[in-house]
Amino acid sequence: NLWVVNIDGTGLLPLYTGEIDASYIFANDHVSNRFGLTFIPFSPDGSQIVLPICIAGPGQCFQDNFALYLIPTNGNGIVPITAVGDGVSETEPQFDPSGTKINFVNLTQDGYGIATMNIDGSGRQVLTDGNFGGHLASYSRDGSKITFTSLRDDIPNGQGEIFVMNADGSNE
């Protein structure tokens with residue numbers, strides 16, 4: 001089950017109880033490679049959250065089988081915005097400051113990278129790709145830039161670097 005509550009503990013509201021087991025919500029802590037819920041991204045106006053959810057079941061939720069879902073914080077349902085399949089998975093979503101776009105990690109058979117799309121799932125654009133294209137992306141406050149980490153430069157001990165690019169993927 002997935003719930004929201006006011007910061008003072010009042011207003012407990014179920015967001016979703018149903019077919020999708022929330023224990024399979026994906027958020028990789030990138031430190032110990034354990035899977036567990038580490039954050040839930042709210043839209044800037046607080047009206048919805050976006051989550052990568054695995055619908056495959058126990059033992060099948062690794063780095064594939066995750067699709068992105070919008071869940072209104074008023075408890076009125078769950079809306080899939082991407083689909084699982086064909087070796088593609090979406091994780092680590094974040095809203096842009098306007099609440100109209102989402103950046104996320106696009107996992108494919110060729111690697112992973114940062115991608116963006118409108119909150120209805122349209123306008124999908126892959127910004128970085130390749131074997132170590134990036135993860136942990138975050139928009140700047142004004143939405144014009146995206147920061148992300150990557151292992152692309154093959155730094156010893158597997159430590160990533162921080163990169164900055166324009167929100168459209170240019171000037172990386």
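These figures come from a predicted structure and were not determined experimentally. (Residues numbered from 1 in each chain as written. Predicted model: local features only at pLDDT ≥ 70, side-chain atom pairs only at ≥ 80, totals over all residues. Heavy atoms only, no water.)

Student: Got a sec to walk through the packing of aromatic side chains? Specific residues and values, please.
Tutor: Summed over the entire model, instances satisfying the criterion amount to 1 aromatic pair. A ring pair is formed by Phe148 and Phe163, whose centres lie 5.5 Å apart and whose planes are at 20°; its orientation type is stacked. With Phe148 in strand β11 (residues 145–150) and Phe163 in strand β12 (residues 161–166), this pair connects stretches of sequence that are 15 residues apart. (Phe/Tyr/Trp six-rings, centres within 6.5 Å; stacked < 30°, edge-to-face > 60°. Helix = DSSP H or I, 4+ residues; strand = E, 2+ residues; numbered from the N terminus.)

Student: Before we move on, could you go through the pairing of strand β6 (residues 89–95) and cite the residues and values that matter?
Tutor: Most of β6 is tucked away: 6 of the 7 residues are buried. Examined bridge by bridge, β6 and strand β7 (residues 101–108) share 5 bridges and lie antiparallel to one another. Its bridge partner being in β7, Glu90 is matched across the sheet by Asn106. What sits between β6 and β7 in their antiparallel hairpin is a turn of 5 residues, with Gly99 showing a positive phi close to 80°. (Buried < 20%, exposed > 50% of the residue type's maximum accessible area, 1.4 Å probe, protein only. Pairing = 2+ DSSP bridges.)

Student: So what's going on with a nonpolar patch on the surface? Which residues, and what values?
Tutor: A cluster of nonpolar side chains, Trp3, Val5 and Leu12, forms an exposed patch at the surface whose accessible area comes to about 310 Å². With respect to the helices, strands and loops of the structure, Trp3 is situated in strand β1 (residues 2–4). Take Trp3: its relative accessible area is 42%, and that puts it in the partly exposed class. (Patch = residues over 30% accessible without salt bridge, like charges linked within 9 Å, V, L, I, M, F, W, Y side chains within 5 Å. Areas by Shrake-Rupley, 256 points an atom, 1.4 Å probe, with all protein chains shown as cover. Salt bridge = Lys/Arg side-chain N within 4 Å of Asp/Glu carboxyl O.)

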